[in-house]
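Descriptive structure summary
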Amino acid sequence: MDYPDTVAELTGALRGGGYLADRGLATALLVAVSLHRPLLLEGEVGVGKTELARTLAAVFGKRLIRLQCYEGIDTAQALYEWDYARQLLQIRALPEREAAGETAVDQLFGPKFLVERPLLAAVRAGAGAVLLIDEIDRADDEFEAFLLELLADFQVTIPEIGTITAVTPPVVLLTSNRTRELHDALKRRCLYHWIGYPDAEREAEIVRIREPGVGEALTRKVVAAVHRLRELDLAKPPGVAETVDWARMLTFLGAADLDHASATDTLGAVVKDRDDLDVVREHLAELTSGA
């Protein structure tokens, strides 16, 4: 399925997949898709950065390829590696004379022994994929530098096989929670969009789209309470994902209202830090009385 040509069409398609994008985000995404530019998304945890890639792939019938970054990730884990166990079995299965020949070496480093990792898979899939490079800020400087060449040319050279180039690059979304500052060289290769917390009306609409079974009154009370939680001095303020989870949990438990008792029983859906729980409990009456 082809991507749309207008912001309105893209916004409508994402909404049909359960994702409510504002005009700024939809515009940045449309330009990234149309001009084959990576899109770097930054924002607080739980505001929908990763979910955008999932929805985009699902709505337009593309393969979602996710590279989850972490401290110490290297190119072999992200690009490709050889299946050494299968190669060893192959060697043992060959007669001694054949195993010492050049033909055997060529066979051992053929395509069937190559293990695809996300970046190679994305190059091969090309326009049929959405590549999500998730939490790039967790990777180190060396890996970030390696990505520069890949994002510029979208080709991979495997010495034993040759160069593999994407005819048309996949859509590339990078996400960052800003645990460290990314280098300017990476940012220059990307379009950029900051996803902040939505206002109360938009957040309520997100809950309605994601959880249509939640009552209107409960939706508004949960959203109002979450917005007040974000005003507290919390180590980990709740994101939109937590708002949806809280509304879903309350509805599952049959709560029609957000009162002191129901909030106490379900705080684990929205507060995920031990010290934050103590802070929230001190303000619980205030959060629920006027929610």
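Refer to the structure printed above.
Residues numbered from 1 in each chain as written. Predicted model: local features only at pLDDT ≥ 70, side-chain atom pairs only at ≥ 80, totals over all residues. Heavy atoms only, no water.

We now examine unusual backbone geometry. You will see that His-36, though not glycine, has its phi angle at about 55°, which is positive. Checked against the element boundaries, His-36 lands in the loop between α2 (23–35) and β1 (39–43). Take His-36: its relative accessible area is 45%, and that puts it in the partly exposed class. One non-glycine residue, Glu-135, lies in positive phi territory at about 60°. Looking at the element boundaries, Glu-135 is found in the loop between β5 (129–134) and α9 (141–153). Residue classification places Glu-135 among the buried residues on the basis of a relative accessible area of 18%. (Helix = DSSP H or I, 4+ residues; strand = E, 2+ residues; numbered from the N terminus. Buried < 20%, exposed > 50% of the residue type's maximum accessible area, 1.4 Å probe, protein only.)

Per the stated rule, a full pass over the model turns up 2 aromatic pairs. Arranged with centres 5.7 Å apart and planes meeting at 45°, the rings of Phe-143 and Phe-146 form a pair that is tilted. In this pair, Phe-143 and Phe-146 are both assigned in helix α9, 3 residues apart and thus about one turn of the helix distant. You can call Phe-146 partly exposed: its relative accessible area is 22%. Lying across the ring of Tyr-197, Arg-230 places its NZ or CZ 4.2 Å from the centre. (Phe/Tyr/Trp six-rings, centres within 6.5 Å; stacked < 30°, edge-to-face > 60°. Lys NZ or Arg CZ within 6 Å of the ring centre and 35° of its normal.)

Right, let's get into the sheet that holds strand β8 (residues 171–176). Taken together, the 5 strands give an open sheet; going across it, the order is β2-β5-β8-β1-β9, and neighbouring strands pair in parallel fashion. Two strands lie at the open edges of the sheet, namely β2 (63–68) and β9 (191–195), each paired on one side alone. Taking each pair of neighbouring strands and ignoring which way they run, the sheet shows an average axis angle of 20°. In this structure, β2 lies alongside β5, joined through 6 bridges in parallel fashion. Among the inter-strand pairings, Leu-64 is bridged to a residue of β5, identified as Val-130. The strands that helix α8 (residues 118–125) touches are β2 and β5; relative to β2, the one it contacts most, it runs at about 155°. (Pairing = 2+ DSSP bridges. Axes fitted to C-alpha atoms, helices over the stretch in contact; angles between N-to-C directions. Contact = heavy atoms within 4.5 Å.)

Remember that the coordinates give geometry; whether it matters functionally is a separate question.
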